[in-house]
Protein chains: 2
Amino acid sequence: MGFKIREGKKTDMFSVLKLIKELAHFEKEPDAVIVSKEDLERDGFGSAPLFKTFVAEMDNDIVGMALFYPRYSTWKGPTIHLEDLIVTKSKRGLNIGSALYAKVIEYGFNQGVKRIEWVVLDWNKPAIDFYKKTGAVVLEDWNTAQMNEDAIKKYIETL
Amino acid sequence: MGFKIREGKKTDMFSVLKLIKELAHFEKEPDAVIVSKEDLERDGFGSAPLFKTFVAEMDNDIVGMALFYPRYSTWKGPTIHLEDLIVTKSKRGLNIGSALYAKVIEYGFNQGVKRIEWVVLDWNKPAIDFYKKTGAVVLEDWNTAQMNEDAIKKYIETL
């Protein structure tokens, strides 16, 4: 049951998208994924990549992935945001998730970033416990505000 | 009492840092700001800038700023994160904040991003009300997890 963590390549984006869709399906929002394989290939591997990935490979199959990108703290400086960490359902419990997590933290350490950040659902106690065990803090008083494409368009019309 | 919103330049970073420090002081964390003017100049105006700013200018003085950068949603694609929006205390109530906010949303609209995102303290009702009025949603069940530089180092040592 060996697996290998390596940097994601353009040719992995089909498998990466499959993992993204598996998670969206699990979260009962299969139609919320409008990103295509071509989008991921263009956005992650152009002249100014918008993200990087690590993938977990097992028996020539991509069974997990972590997707992240730089952010910036006006107090601390360069940071990393971990957007997604997904392990396919049939391969959970093999420490693939924690290996991907460690790889991202290690990457951030090597880059000298001031912070690594991600979001977690407030009821996901197993995840929160894991994060805290590794030294992360969970900020319960900050909420995420979002304006989606439709709302942006509507707001622009009021200006 | 006229003001002008324009894109921030390298030479504005002294004033931008002053606003960042004013806010940190107000939040009773003046020592939390370790970023320097030189850091902002390098990180925002190098070959791969980590952020962009809009500034509000009034009587040849920078009285407000919005700092933002690209992020990526694995469901939607390219997004923008609004990291900071600050108006100096003596110039509040003149709609400078909402003008900076509108400028960022307009920028995102012109870039064709799928979402604009930021965080808000859950007790900051005036801010939340304003955001909702403009079409944003506030996700109360997502919390931010962070590992800071010290925690990263300690965690790496356990691997």
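Look up a bit, the structure's there.
Calculation criteria
- Residues numbered from 1 in each chain as written.
- Chains lettered and ligands numbered in written order.
- Predicted model: local features only at pLDDT ≥ 70, side-chain atom pairs only at ≥ 80, totals over all residues.
- Heavy atoms only, no water.
- Helix = DSSP H or I, 4+ residues; strand = E, 2+ residues; numbered from the N terminus.
- Rg over C-alpha atoms; globule rule 2.2 N^0.38 Å.
- Buried < 20%, exposed > 50% of the residue type's maximum accessible area, 1.4 Å probe, protein only.
- Contact = heavy atoms within 4.5 Å.
- Salt bridge = Lys/Arg side-chain N within 4 Å of Asp/Glu carboxyl O.
- Axes fitted to C-alpha atoms, helices over the stretch in contact; angles between N-to-C directions.
- Parallel < 35°, antiparallel > 145°, perpendicular 65-115°, else oblique.
- Left-handed = near helix turned anticlockwise from the far one by under 90°.
- Pairing = 2+ DSSP bridges.
- Buried area = accessible area lost by both parts, 1.4 Å probe.

Caption draft 1: Spotlight on the overall build of chain A. On a plain count of helices and strands, chain A comes out with 5 helices and 7 strands. Counting helices and strands in the order they occur from the N terminus, chain A gives β-α-α-β-β-β-α-β-α-β-β-α. Taking 15 Å as the expected radius of gyration for a compact globule of 159 residues, we find that chain A reaches 17 Å, a close match to that expectation. Overall size of chain A, expressed as C-alpha extent along the three principal axes, is 55 × 35 × 35 Å. Residues classed as buried in chain A amount to 47% of the 159 residues present. Within chain A, contacts between residues at least 6 apart in sequence are counted, and of these 54% link residues at least 24 apart.

Caption draft 2: Spotlight on helix α2 (residues 37–45) of chain A. Buried within α2 of chain A we find Leu 40, Glu 41, Asp 43 and Gly 44 of chain A. Buried residues belonging to α2 of chain A abut α1 (13–26) of chain A together with β3 (61–73) and β4 (77–87) of chain B.

Caption draft 3: Seen up close, the pattern of salt bridges. All names here are of chain A. Throughout the structure, instances matching the rule amount to 24 salt bridges over all chains. Close ionic contact of Glu 41 with Lys 37 constitutes a salt bridge, the shortest N to O distance being 3.1 Å. Of this pair, Glu 41 and Lys 37 both sit in helix α2, 4 residues apart, which is roughly one turn of that helix. Judged by relative accessible area, which is 17%, Glu 41 ranks as buried. The partner of Asp 129 in a salt bridge is Lys 125, and the shortest N-O contact between them spans 2.9 Å. Taken as a pair, Asp 129 and Lys 125 lie in helix α4 (residues 125–133) at a separation of 4 residues, close to a single helical turn.

Caption draft 4: Structural detail: the packing of helix α5 (residues 149–158) of chain A against helix α3 (residues 96–111) of chain B. Where α5 of chain A meets α3 of chain B, the closest approach of the two axes is 10 Å, and the angle between their N-to-C directions is 125°. As the angle between them shows, α5 of chain A and α3 of chain B are arranged oblique. Crossing geometry of α5 of chain A relative to α3 of chain B is assigned as left-handed. In this structure, α5 of chain A uses Ile 152, Lys 153, Tyr 155 and Ile 156 of chain A to contact α3 of chain B, whose residues at the interface are Ser 98, Tyr 101, Ala 102, Ile 105, Glu 106 and Phe 109 of chain B.

Caption draft 5: Summary view of the sheet that holds strand β5 (residues 115–121) of chain A. Read across the open sheet, the 7 strands follow the order β1(A)-β2(A)-β3(A)-β4(A)-β5(A)-β7(B)-β6(A); overall the sheet is mixed. Each of the sheet's edge strands pairs with one partner strand only, and the pair in question is β1 (4–7) and β6 (137–139) of chain A. Taking each pair of neighbouring strands and ignoring which way they run, the sheet shows an average axis angle of 30°. Where β1 of chain A and strand β2 (residues 52–58) of chain A come together, 4 bridges link them in antiparallel fashion. By the bridge assignment for β2 of chain A, Arg 6 of chain A is matched with Val 55 of chain A. With respect to the sheet, α1 of chain A is in contact with β2, β3 (61–73) and β4 (77–87) of chain A, its orientation differing from that of β3 of chain A by roughly 85°. Contacts between helix α3 (residues 96–111) of chain A and the sheet are confined to β1, β2, β3, β4 and β5 of chain A together with β7 (142–148) of chain B, with β4 of chain A contributing the most and set at about 165° to the helix.

Caption draft 6: Summary view of the interface of chain A and chain B. The interface is formed by 66 residues belonging to chain A together with 66 residues belonging to chain B. Here chain A packs against chain B, burying approximately 6,700 Å² in sum over the two surfaces, 60% of which is carbon and sulfur. Sorting the residues of chain A by area buried against chain B places Tyr 72, Trp 75 and Gln 146 of chain A first, and these three jointly supply 14% of that buried surface. Across the salt bridge formed by Lys 114 of chain A and Glu 149 of chain B, the nearest N and O atoms sit 3.5 Å from each other.

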